[in-house]
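Per-entry structural report
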Amino acid sequence: RRQRQMCIRDRYISRYLKIRAEYEPQIQHYQELAEKEKKTLKEIEKGMDDDRREYEAELKECEKEWKAERASSDYKNELKEYEKARRRGDEVAARTLKRLMDAVDDNYRAEVEKKQNSYNRFQREPLELCEEWKSIVKCYEAIVNRLRNYQAVKEYVFCLLYTSPSPRDLSTSR
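Residues numbered from 1 in each chain as written. Predicted model: local features only at pLDDT ≥ 70, side-chain atom pairs only at ≥ 80, totals over all residues. Heavy atoms only, no water.

**Some thoughts on the overall build of the chain**
Stated formally: By the criteria applied, helices consist of DSSP H or I runs no shorter than four residues and strands consist of E runs no shorter than two, each listed in order from the N terminus. The contact rule is simple, with two residues in contact once any of their heavy atoms fall within 4.5 Å. Values of accessible area rely on a 1.4 Å probe in the Shrake-Rupley scheme; residue burial ignores everything except the protein chains shown.
A count of helices and strands for the chain gives three helices and zero strands. What you see in the chain, going N to C, is helices and strands ordered as α-α-α. In the chain, the proportion of contacts linking residues at least 24 apart, taken out of those at least 6 apart, comes to 83%. Carbon and sulfur atoms make up 52% of the accessible area of the chain, which amounts to about 13,500 Å² in all.

**Section: the side chain of Lys115**
By secondary structure assignment, the location of Lys115 is in helix H3 (residues 91-163). Apart from the residues lying within four places of it in its own chain, the contact partners of Lys115 are Tyr55, Glu58, Leu59 and Cys62.

**Let's talk about the nonpolar core**
The nonpolar side chains of a soluble globular protein tend to be buried with one another. What counts here: Put simply, buried Ala, Val, Leu, Ile, Met, Phe, Trp, Tyr and Cys residues joined by side-chain atoms within 4.5 Å make one nonpolar core. Buried, partly exposed and exposed residues are distinguished by accessible area as a fraction of the type maximum, computed with a 1.4 Å probe on protein chains only: under 20%, between the cut-offs, and over 50%, respectively.
Counting seven residues, the largest nonpolar core is built from Tyr75, Tyr82, Ala85, Ala94, Leu97, Met101 and Val104. Elements that contribute at least two residues to this core include exactly helix H2 (73-88) and H3. Looking at which element gives the most residues to this core, the answer is H3, with four residues.

**Regarding the pattern of salt bridges**
The criterion, for reference: Any Lys or Arg side-chain nitrogen found within 4 Å of a carboxyl oxygen on Asp or Glu counts as a salt bridge.
All told, the structure shown has 16 salt bridges when counted by the stated rule. Among the salt bridges present, the one from Glu56 reaches Arg52, with a minimum N-O distance of 3.4 Å. Taken together, the residues Glu56 and Arg52, both in helix H1 (residues 2-71) and four residues apart, mark about one turn of the helix. Owing to a relative accessible area of 31%, Arg52 belongs among the partly exposed residues under this scheme. Here Asp106 ties to Arg109 by a salt bridge, and the two come within 2.6 Å at their closest N and O atoms. Residue Asp106 and its partner Arg109 are located together in helix H3, separated by three residues, close to a single helical turn. Several salt bridges converge on common partners, so that one network encompasses Glu58, Glu111, Lys114 and Lys115.

**With respect to H2**
Working note: α-helix, 3.6 residues per turn, so residues spaced by three or four point in the same direction. Basically, it comes down to this: A helix is expected to span 1.5 Å multiplied by its residue count minus one. Directions pointing from the helix axis toward each C-beta atom define the arc.
Given a rise of 1.5 Å per residue, 16 residues ought to cover 22 Å, and the 22 Å separating the end C-alpha atoms of H2 matches this to within 8%. Those residues of H2 not exposed but buried are Tyr75, Tyr82 and Ala85. What you see down the axis of H2 is that its buried residues fit within an arc of 80 degrees, all on one side. Facing away from the buried side of H2, by more than 90 degrees, are the exposed residues Lys80, Arg87 and Arg88. Within two residues after H2, Gly89 carries a phi angle of roughly 85 degrees, on the positive side.

**Observations concerning the confidence of the model for the chain**
Detailed reading of the predicted coordinates is not advisable wherever pLDDT is low. For the record, the criterion: The pLDDT value expresses, per residue, how confident the predictor is, ranging between 0 and 100.
Looking at the chain as a whole, the pLDDT averages 81, with 83% of positions reaching at least 70. Here H3 stands out as the least confident element of the chain, with mean pLDDT 81; H2 is the most confident, with 88.

**Re the packing of aromatic side chains**
Stated precisely, the cut-off is as follows: In summary, the pairing rule links any two rings of Phe, Tyr or Trp, Trp by its six-membered ring, whose centres are within 6.5 Å, and it sorts them by plane angle into stacked for under 30 degrees, edge-to-face for over 60 and tilted for everything else.
Applying the stated criterion across every chain, the model contains three aromatic pairs. On the basis of an interplanar angle of 10 degrees and a centroid distance of 4.1 Å, the ring pair of Tyr55 and Tyr119 is categorised as stacked. Highlighted residues: Tyr55 in helix H1 and Tyr119 in helix H3, separated in sequence by 64 residues. A single burial state applies to Tyr55 and to Tyr119, both of which are buried. For the pair Trp66 and Tyr108, a centre-to-centre distance of 4.6 Å together with 20 degrees between the ring planes defines the contact as stacked. Highlighted residues: Trp66 in helix H1 and Tyr108 in helix H3, separated in sequence by 42 residues.

Take a look at the structure:
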């Protein structure tokens, strides 16, 4: 009887190890794939952060140039001439000077808009890639979880079979 129990235990351990050997490589494989995709995702996000910082620096530079232009002596002289023309009632001179002064603001707005369009166009593709990578990582993680669940169920079912009393063993089957 003792020998029979040891034989059953050895078969149980052997079967348990087979179940582990069946699932562990698959789990390991999908975990490695998920980690690889996470690294790729981090690289894309880092590149997007670098692009965002560069874009913000360019916008600050545009604003700095715009402020410098508005603070320049030429702009201030145009502003004085504009005010004089308005006071004199010279509408033609006032409109012309106003257009010159507005050109500074228009150039600034155009430059900012150009940079925004460029940034948005180049950010759209990485954002789409990030979403794809996130879904791939989620799929791999779901596969790993399912494999672990299947492994646990198989181990549990086999454990129940091992610990169930044998119908031939009358002393424990009551």
